[in-house]
Amino acid sequence: MEIRNIAIIAHVDHGKTTLVDALLRQSDNFKLKMDMPQELIMDSNELERERGITIFSKNAAVMHAGVKINIVDTPGHADFGGEVERIMRMVDGVLLLVDAKEGPMPQTKFVLKKAIEAGHRVVVVISKIDKPDARPEWALNATYDLFLELGANEEQIEFPIVYASAVQGKAGLTKNLSEMRDICPLFETIIKHVPAPEIDKELPLQMLIVNLAYDSYKGKIGVGRLYAGILKKGMTVAHINRVGETKRAQLSSLMIFDGLNRVDVDEVQAGDIAAIAGIPDITIGETITDPENPRALPTIKIDEPTIKMIIGVNTSPFRGKEGKLITSRNIKERLEHELETDVALQVKPTDTSDHWIVAGRGELHLSILIEKMRREGYELEVSKPQVIFRESSEGKKTEPMELVSVEVPEAHSGAVIEMMGKRLGLMKDMRVDGGTVFMDFAIPTRGLIGIRNPFLTATKGTGIMNSLFTGYEEYKGDLPESAHGSIIATEAGLTNNYGLVTAQGRGKLFLAAGVPVYAGMVVGENARPEDIRVHVCRTRELTNFRAKNEGLQDQLETPVQLTLEYALDYIGDDELVEVTPGSIRIRKLYLTDLDKKNASKSK
């Protein structure tokens, strides 16, 4: 059987998963079951469907004209670049989706760079051409410029072009939407231009594990590409781990992909993507090979983390009220389990046994991990994200830098430029198109921590901001002190309208009336750059003339919805985010002044 292995790459929200829907629906072998989602079929994870983005890479396989096409849907956000980097080792070509209106975006540059470095053949899909304001010629020219900028070779620059409207399930070799009937021209372009897997029949069995899955019956499952040899169910293989140790193992199950499902088979030929079970300690980047002639494949190179935070056991007065997994052993085991599947994550111990330094590729990367843990029943506390500094070969301090692309109405451009300047941002490009200003800034990663909430406020929710890690550069100097003041509860109890109205006069609130609080819990943001403690549980006493809280119900404004991302953006150096299955709270590191004095004495 002929085989093609492709990955679909693009900027966030450029339509990867919708295109996969169309490919699955119009393939020769896929049938949509009643229990499957009717759209965004590959985004099976609850978090992905809520956020509308792909977070985890996933496999599918379809048939067209007798050719099997293995499809890998990859994340578009650079924070999940570890997924993209390892997937490049599993495929022979990529579909690059470019929005017909927006053109190449920052994350497009990131994912395309990985594909070009891997030497893959690229098929460019100009997507969403059904948009009223689509400009496919401009998007295509910008894509050529991006290929040249990234150093693509002559063969890669001579890429085939397909125009598509994924939501309508149509594609064609011209941008005339009326001439398109189905998605078949894209299938034919893949078969014609993406090379079949190269197989060296002289080499012994070699398979690289690129992804992991879990089955309640089969246990841990390793997914990867078979580079050479033949895999058979029940055969004995050599398992070479990441440090080079070799041991024998027997395969209990052998599977390939059919549609979205894994189906059991007796044999898999080289060039195909397979899934194996029977090796309980298998992990990403390891080699399955011939026990008589073991040869390890090169391990997967992953970019280093740039952001770190401290995750620890929840120590608040509300500990254990909402979560079931609250001990240091629970959290330690969960973080170790995450390391098995997330190669871009790092976990290091601290001086205490109940806190860990967790490093990742960005705030979104780490916040997704925390969100997964809270949904699984964990309670934990999280510190403010910090950048990871390094020392150059010349002994100089270096820091991670980002290329930030901003799209904002012209009326708000001045506020954005001022904001970026205060955070050591240097403008690289600026252009105006129809009342919208597009700006690119080079800015230290630490300048982006906590910027999203002020950015949305300054642009009245109309601004769009995307960032891309560009590498480490010499330290850019100290950032000016950012104004930060919190409203802190002085006593435990239930919040009351009367007490909250008093606090509301100082700034904006994070919670409404009737919410349990404890002393030292942050209940709002102070308008001034200083902390203030307020008795938010205070009630007004009854008199002969006034009923309790009479006339105050309508005076409270709607509080800010405290999401995990908002909380991580907001907190200061002396604050923590308390994360439980039912709540996101912000608290001071030291709940009372006495706690702070005692900590100072002990230090």
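Above this text is the structure in question.
If you're wondering where the values come from, they're calculated on a predicted model, not measured in any experiment. (Residues numbered from 1 in each chain as written. Predicted model: local features only at pLDDT ≥ 70, side-chain atom pairs only at ≥ 80, totals over all residues. Heavy atoms only, no water.)

J.: Please clarify how the pattern of salt bridges should be interpreted in this entry.
T.: For side chains bearing opposite charge, pairing can occur when the charged atoms are close. In total, this model carries 31 salt bridges according to the counting rule given. Between Glu381 and Arg587 there is a salt bridge, with its nearest N and O atoms 3.4 Å apart. Of the two residues, Glu381 is situated in strand 21 (residues 380–382) and Arg587 in strand 35 (residues 584–588); the sequence distance between them amounts to 206 residues. Since its relative accessible area comes to 6%, Glu381 is described here as buried. Glu575 is paired through a salt bridge with Lys588; the nearest N and O atoms lie 3.0 Å apart. In this pair, Glu575 sits in strand 34 (residues 575–579) while Lys588 sits in strand 35, placing the two residues 13 residues apart along the sequence. Accessibility classification places Glu575 together with Lys588 in one group, the buried group. What emerges from the salt-bridge pattern is a single network uniting Arg334, Glu338, Lys372 and Glu376. (Salt bridge = Lys/Arg side-chain N within 4 Å of Asp/Glu carboxyl O. Helix = DSSP H or I, 4+ residues; strand = E, 2+ residues; numbered from the N terminus. Buried < 20%, exposed > 50% of the residue type's maximum accessible area, 1.4 Å probe, protein only.)

J.: Teacher, can you tell me more about the packing of helix 8 (residues 328–341) against helix 9 (residues 363–375) here?
T.: If you want to describe how two helices pack, look at the angle between their axes and the distance between the axes. Contact geometry of helix 8 with helix 9 gives a least axis separation of 12 Å together with a crossing angle of 130 degrees. Classed by the angle they form, the pair helix 8 and helix 9 counts as oblique. Between helix 8 and helix 9 lies a crossing of right-handed hand. In this structure, helix 8 uses Ile331, Arg334, Leu335 and Glu338 to contact helix 9, whose residues at the interface are Leu369, Lys372 and Met373. A breakdown of the residues in the contact of helix 8 with helix 9 according to their chemical character gives four nonpolar, no polar and three charged. (Axes fitted to C-alpha atoms, helices over the stretch in contact; angles between N-to-C directions. Parallel < 35°, antiparallel > 145°, perpendicular 65-115°, else oblique. Left-handed = near helix turned anticlockwise from the far one by under 90°. Contact = heavy atoms within 4.5 Å. Nonpolar A, V, L, I, M, F, W, Y, C, P; charged D, E, K, R; others polar.)

J.: Can you walk me through the sheet that holds strand 16 (residues 273–277) in this structure?
T.: Strand pairing in a sheet takes place through backbone hydrogen bonds and is either antiparallel or parallel in direction. Pairing in this open sheet of eight strands is antiparallel, and the strands run 12-11-17-8-9-16-13-14 from one edge to the other. The open sheet has two edge strands, strand 12 (246–250) and strand 14 (261–264), and neither has a second partner. This sheet shows a mean twist of 40 degrees between the axes of neighbouring strands, independent of strand direction. Across four bridges, the pairing between strand 13 (residues 253–258) and strand 14 is antiparallel. For Asp258, the partnering residue across the bridge sits in strand 14 and is Asn261. (Pairing = 2+ DSSP bridges.)

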